[in-house]
Amino acid sequence: MKLFSQKEARHLLCRYHNLDGAETLCGKAGAEKIMQRIHSIQYDPLNVVARNADLVLQARVKDYKEQDLYNLLYKEHKLVDGFDKEMCIYNSKDFASFNYVRREHLKHVVLTLQYRNQMAALDILDDVRDFVAKHGKTGAKDISIGEVRESRWGPKKLSSAALDYLFNSGELSVADKRGTQKYFDLTERVLDDADFQYNQDMTIEEFLEWYIERRIQSVGLIWNKPGGAWQGHYVSDSEIRTSTLQTLTRKNRIDEIQIEGIPETFYISRDIQTYMNHQAPQSYARFIAPLDNIIWDRQMLEALFDFTYRWEVYTPVAKRKYGYYVLPVLYNDRFVARFEAEPVRQTGEFVIKKWWWEARIEPDNDMIETIEKEILRFAEFLQVGNSKNNLSKLR
């Protein structure tokens, strides 16, 4: 079993995700390439500085723009919305392989319908399906079938609940999105036939091996402990996960490694080892999304990076340690700071509301200059001006 120092493991992880920028991944083509490597990114609709999925990609891809993801999702349909660890965006070629996940997730959808007293939505599935087949791209506002009622949680209309059910079953896919409003169409009309059919006949054993190896690739390296990296159907089951990891190791599809100072065994894809000898040409800094793949497992983040991060969006204001929407700052494979920004839509520019250096960090000129360059790059990604006061927050 190979032994890594913590610094070597951090370098490998950042290199694998191209957070160091050593590979020239640019624009839409770069976003497509990194998605083929990490497979899945978590979707969240909150848009304070930008949405989570865009923040994940901008940290890995030079000259990335939000339009690039929109085009890959809703123009070229190379990516698709779907449930993975949570609601995620993943490669369209993986769609059919998710049949097992969709079947499990649909059980939870039905339980939600029962809780909301909306089981009658299942009685109008044929009507809603026929409406979409006839009219094409359909949003919740375009169709009104069944009861309309006041609701604090979930759809107010039965037809909206039926659309959601058909989406989660895989019969419908998101064909377009305007803001957070989804427009559905028949999946067979959204995806290419090759993607629609690929791997749809997998056995459960083949699926589990594919899915757990794929989850390792989404993060880069993972230990076999419960946490955010193993969130979702099947992979959260420790018995299924452990058995499948043993099978993948026996088949030489993944490797076990040890990291100095951490007793747990880690698992890495064999693909990741091709990145071991690459080196970033210069110092780098990146602003990391709150739900970025590299920090899915917060306990592993603490063990490997000595960095504690909690997303405090849903934490009551009085109990927040930092702020509402705080982004970690990565510098040369270390997390050195975090900041909260003002909502970009309100200010019309990138404004750092508050900046916190980590207690152990003593910033030198190289660190500050590198982060200053990243501030300018980040403002360019947001396509807004950079506040003159931002740079003063660092010094």
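Structure: above.
So, here is what we can say about the structure in this document. Please read all numbers here as calculations on a predicted model, not as lab measurements. (Residues numbered from 1 in each chain as written. Predicted model: local features only at pLDDT ≥ 70, side-chain atom pairs only at ≥ 80, totals over all residues. Heavy atoms only, no water.)

Turning next to the sheet that holds strand 15 (residues 352-357). Taken in spatial order, the 4 strands line up as 11-12-13-15 in an open sheet, and their pairing is antiparallel. Of all the strands in the sheet, just strand 11 (285-287) and strand 15 have a single pairing partner and so form its edges. Taking the axes of each pair of neighbouring strands and ignoring which way they run, one obtains an average angle of 25 degrees across the sheet. Relative to strand 12 (residues 326-331), strand 11 runs antiparallel, the two sharing 3 bridges. The residue bridging Arg286 from the neighbouring strand is Leu330, located in strand 12. Helix 14 (residues 365-382) contacts strand 11, strand 12, strand 13 (334-341) and strand 15 of the sheet and is inclined by roughly 45 degrees relative to strand 11. (Pairing = 2+ DSSP bridges. Helix = DSSP H or I, 4+ residues; strand = E, 2+ residues; numbered from the N terminus. Axes fitted to C-alpha atoms, helices over the stretch in contact; angles between N-to-C directions. Contact = heavy atoms within 4.5 Å.)

Right, let's talk about the nonpolar core for a bit. Counting residues in hydrophobic clusters, the biggest one holds 131 residues, and the most contacted among them are Phe287, Phe305, Phe350 and Ile371. The element best represented in this core is helix 14, accounting for 8 residues. Each residue touching Ile371, except ones within four places of it in the same chain, is listed here: Ala285, Phe287, Val329, Val336, Trp355, Trp357 and Leu394. (Core = buried A, V, L, I, M, F, W, Y, C linked by side-chain atoms within 4.5 Å. Buried < 20%, exposed > 50% of the residue type's maximum accessible area, 1.4 Å probe, protein only.)

Its 18 residues place the ends of helix 14 26 Å apart at the C-alpha level, agreeing with the 26 Å of an ideal helix rising 1.5 Å per residue. Of all the positions in helix 14, only Met367, Ile368, Thr370, Ile371, Glu372, Glu374, Ile375, Phe378, Ala379, Phe381 and Leu382 are classed as buried. Of the residues trailing helix 14, Gln383 is marked for its positive phi of about 60 degrees. (Expected span 1.5 Å × (residues − 1).)

Let's shift gears to the packing of helix 2 (residues 27-38) against helix 4 (residues 66-75). Contact geometry for helix 2 and helix 4: axes closest at 9 Å, N-to-C directions at 60 degrees. Classed by the angle they form, the pair helix 2 and helix 4 counts as oblique. Between helix 2 and helix 4 lies a crossing whose hand is right-handed. Counting all contacts with helix 2, which are made through Gly27, Lys28, Ala31 and Glu32, the residues of helix 4 involved are Asp68, Asn71 and Leu72. (Parallel < 35°, antiparallel > 145°, perpendicular 65-115°, else oblique. Left-handed = near helix turned anticlockwise from the far one by under 90°.)

Counted under the stated rule, the structure contains 25 aromatic pairs. Arranged with centres 5.7 Å apart and planes meeting at 50 degrees, the rings of Phe167 and Phe184 form a pair that is tilted. Separated by 17 residues along the polypeptide, Phe167 in helix 7 (residues 158-169) and Phe184 in strand 7 (residues 181-186) bring together distant segments of the chain. Connected via pairs of aromatic rings, a cluster forms that spans Tyr64, Phe287, Phe339, Phe350, Trp355, Trp357, Phe378 and Phe381. Here the basic side chain of Lys177 rests over the ring of Tyr43, its NZ or CZ set 4.0 Å away from the ring centre. Here the basic side chain of Arg214 rests over the ring of Tyr90, its NZ or CZ set 5.6 Å away from the ring centre. (Phe/Tyr/Trp six-rings, centres within 6.5 Å; stacked < 30°, edge-to-face > 60°. Lys NZ or Arg CZ within 6 Å of the ring centre and 35° of its normal.)

Mapped onto the elements of the fold, Phe335 is located in strand 13. Since its relative accessible area comes to 0%, Phe335 is described here as buried. Sequence separation of Phe335 and Ile288 is 47 residues, and the distance between their C-alpha atoms is 9.5 Å.

The periodicity of an α-helix, 3.6 residues per turn, causes residues three or four places apart in sequence to face the same way. Across its 12 residues, helix 7 extends 16 Å between first and last C-alpha, which sits within 8% of the 16 Å expected from 1.5 Å per residue. With 10 of 12 residues buried, helix 7 is to be regarded as a mostly interior element. Of the residues making up helix 7, those classed as buried are Leu158, Ser159, Ser160, Ala161, Ala162, Leu163, Tyr165, Leu166, Phe167 and Asn168. Following helix 7 by one or two positions, Gly170 adopts a phi angle in the positive range, close to 95 degrees.

The next thing to look at is the sheet that holds strand 10 (residues 262-269). Remark on secondary structure: sheet strands pair via backbone hydrogen bonds, oriented parallel or antiparallel. Spatial strand order, 1-9-10-8: 4 strands in an open sheet with mixed pairing. Each edge of the open sheet is held by one strand with a lone partner, namely strand 1 (2-4) and strand 8 (221-223). Neighbour-to-neighbour, the strand axes of the sheet open up by a mean angle of 40 degrees, direction not taken into account. Alignment of strand 8 against strand 10, held across 3 bridges, turns out to be antiparallel. Paired with Ile222 across the strands is Tyr267, a residue of strand 10. Along the sheet face, helix 10 (residues 204-219) touches strand 8, strand 9 (254-259) and strand 10 and points at about 115 degrees away from the line of strand 8. Relative to the sheet, helix 11 (residues 238-250) contacts strand 9 and strand 10, its axis offset from that of strand 9 by approximately 105 degrees.

For the rest of this paragraph, the subject is the packing of helix 5 (residues 99-115) against helix 7. Where helix 5 meets helix 7, the closest approach of the two axes is 9 Å, and the angle between their N-to-C directions is 160 degrees. Overall, the two elements helix 5 and helix 7 adopt an arrangement that is roughly antiparallel. Where helix 5 crosses over helix 7, the two elements pack in a sense that is right-handed. Here Arg102, His105, Leu106, Val109, Val110 and Leu113 of helix 5 come into contact with helix 7, specifically with Ala161, Asp164, Tyr165, Asn168 and Ser169. Across the contact of helix 5 with helix 7, the residue classes break down as 6 nonpolar, 3 polar and 2 charged. (Nonpolar A, V, L, I, M, F, W, Y, C, P; charged D, E, K, R; others polar.)

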